[in-house]
Amino acid sequence: MAIQCRVLEGFHRVPFSRFTSSHTNHRCDRESGMVMIGAFVDDRPAGLAVVLCNADNESALLESIFVDPSARRRGAGRRLLETTEAICIDRSIRTLRGSWYHDAPSASSIGSLIEACGWSSPEEKSTVHRGGRRVLEHLDRTSRAWRPPEGFRLESWSDLSDTEIESLGPLRGRNEIPLGLHPEGESMLAVSASTSVVLRRDEEIVGWMLNHLIGCETLRYSSLWLRPDLIGRGFGISITIESSRRHLAVVDRLPRLIFHVSRDNDAMHRFVQRRLMPGIERSSRLLVSERVL
Ligand SMILES: CC(C)(COP(=O)(O)OP(=O)(O)OC[C@H]1O[C@@H](n2cnc3c(N)ncnc32)[C@H](O)[C@@H]1OP(=O)(O)O)[C@@H](O)C(=O)NCCC(=O)NCCS
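Since the model is a prediction, treat every value here as computed from it, not as a measurement. (Residues numbered from 1 in each chain as written. Predicted model: local features only at pLDDT ≥ 70, side-chain atom pairs only at ≥ 80, totals over all residues. Heavy atoms only, no water.)

A closer look at the pattern of salt bridges
It is possible for side chains of opposite charge to pair when their charged atoms get near one another.
Thinking step 1. On inspection of all chains with the given rule, the structure shows 23 salt bridges.
Thinking step 2. For E123, the salt bridge identified is with K125, shortest N-O distance 4.0 Å.
Thinking step 3. In this structure E123 comes out as partly exposed when scored by relative accessible area, which is 39%.
Thinking step 4. A salt bridge links E155 to R153; the shortest N-O distance between them is 3.1 Å. (Salt bridge = Lys/Arg side-chain N within 4 Å of Asp/Glu carboxyl O. Buried < 20%, exposed > 50% of the residue type's maximum accessible area, 1.4 Å probe, protein only.)

Have a look at this one:
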């Protein structure tokens, strides 16, 4: 049995597309840093690894790894991972990271593979919660209407003009907003204009809850940002609830929701436990592991 792994370009990718999600295939077509590495067993497509290598980054992300069930436990997964690592080393990348959900069907095989290949012990980075109408109705029923303090008001994302949306760019540098919490941090998914909200103090934008559409029926509660001096005053929870009320108004069209809470966000963990748990359908811990190259 011969195993070979190589980078796939153009139409050579087609026979491997079934080894990853349509979302990842779509990203591979559009994002320049996405590299597809195919595994051939006896010259036949048998597996795929996808890695995101951005030219200006010292770390890369293993987006997906999959070996056809009929070809497993014969070394293809290990070869895919070794080839991915070699490609990263060629590009002067120092760390390769991967993540997966603790309750995914593949969790134990992925965990065993990366352990066998010398990656670090998996660490929990965040929890991903999923739900639907029930969680929105529960939150609506158990929450009072929010009265913003004097000078503050909440607006729908759909009320922002194009010029105002452009003005959020420089805000990022001024307030040191992490890319993941800024509208520019998501280039693939559309902002849900009817459910995302911005918080204003007088005319200045000082916070937001951005939601993105995943597929045609899921809303991701993606980025909750507040100007640092406003943290700890209950604004975050309030604008989350107001965003969820806007979601409830369109829940027939968007029946699913998903959101991450990072491990250190104690206030949000408490909020989820006390206020949302009766409606949450599934909570998965996101595990992260890495290999220093
Ligand atoms: C994880 C996966 C890629 C491993 O591929 P593979 O070709 O079977 O892996 P290898 O044969 O190279 O295994 C290398 C080592 O990893 C470990 N390992 C891999 N799969 C394992 C399993 N199911 N149980 C225990 N150990 C396992 C073993 O130590 C193995 O060495 P060994 O066979 O000498 O004991 C494969 O099981 C898979 O595709 N699973 C589904 C992953 C998935 O759903 N991905 C999509 C989301 S990212």
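Examining the environment of G151
Thinking step 1. Structurally, the position occupied by G151 is in the loop between α4 (133–142) and β7 (152–156).
Thinking step 2. If sequence neighbours within four positions are ignored, G151 has contacts with R200, R201 and D202. (Helix = DSSP H or I, 4+ residues; strand = E, 2+ residues; numbered from the N terminus. Contact = heavy atoms within 4.5 Å.)

Digging into the site of the ligand
Thinking step 1. Surrounding the ligand, one finds 17 residues, the nearest of these being I65, V67, R73, G77 and R78.
Thinking step 2. R74 places a main-chain nitrogen or oxygen 3.2 Å from an oxygen atom of the ligand.
Thinking step 3. In the model, an oxygen atom of the ligand is placed 2.8 Å from a nitrogen or oxygen of the G77 main chain.
Thinking step 4. For the shell around the ligand, the secondary structure elements donating two or more residues are β4 (59–67), α2 (76–90) and α3 (107–116).
Thinking step 5. The biggest single contributor to the shell around the ligand is α3, with five residues. (Near = heavy atom within 4 Å. Polar contact = N/O pair within 3.5 Å; in protein donor to acceptor, adjacent residues only side chain to side chain.)

Some details on the packing of α4 against helix α6 (residues 235–249)
Thinking step 1. Contact geometry for α4 and α6: axes closest at 9 Å, N-to-C directions at 125°. Classed by the angle they form, the pair α4 and α6 counts as oblique. Crossing hand, α4 versus α6: left-handed. Where α4 approaches α6, its residues L136, E137, L139 and D140 are matched on the opposing element by I241, S244, R245, H247 and L248.
Thinking step 2. For the contact of α4 with α6, the per-class residue count stands at four nonpolar, two polar and three charged. (Axes fitted to C-alpha atoms, helices over the stretch in contact; angles between N-to-C directions. Parallel < 35°, antiparallel > 145°, perpendicular 65-115°, else oblique. Left-handed = near helix turned anticlockwise from the far one by under 90°. Nonpolar A, V, L, I, M, F, W, Y, C, P; charged D, E, K, R; others polar.)

Concerning the packing of α2 against α3
Thinking step 1. Remark: α2 packs on α3, axes separated minimally by 10 Å, with the N-to-C direction vectors making an angle of 60°. Relative to α3, α2 is oriented oblique. Considering only the axes of α2 and α3, their crossing is right-handed. Between α2 and α3, the contacting residues are G77, R78 and L81 on the first element and L113, I114 and A116 on the second.

Looking at the domain arrangement of the protein
Thinking step 1. Taken domain by domain, the protein holds domain 1 (3–93) and domain 2 (128–286).
Thinking step 2. Using C-alpha coordinates to define each centre, domain 1 is positioned 34 Å away from domain 2. (Domains from an automatic or database assignment.)

A look at the state of the cysteines
Any covalent bond linking the sulfur atoms of two cysteines counts as a disulfide.
Thinking step 1. One pass over the structure, following the stated rule, counts zero disulfides.
Thinking step 2. Of all cysteine sulfurs, the one in C117 lies closest to C5, which takes part in no disulfide; the gap is 11 Å. (Disulfide = S-S within 2.5 Å.)

A closer look at helix α1 (residues 22–30)
Thinking step 1. Listing the buried residues of α1 in full gives T24, N25, R27 and C28. The buried residues of α1 all sit within an arc of 160° when viewed along its axis, so they share a single face. Set apart from the buried face of α1 by more than 90 degrees, the exposed residues are S22, D29 and R30.
Thinking step 2. In this structure, the buried side of α1 is in contact with β2 (34–41), β3 (44–52) and β4. (Arc of directions from axis to C-beta.)

Looking at helix α7 (residues 266–276)
Thinking step 1. Within α7, the full set of buried residues consists of M268, F271, V272 and L276. Relative to the axis of α7, the buried residues are bounded by an arc of 100° and lie together on one face. The exposed residues of α7 that point more than 90 degrees off its buried face are Q273 and R274.
Thinking step 2. In this structure, the buried residues of α7 make contact with β6 (123–132), α4, β10 (218–226), α6 and β11 (256–262).

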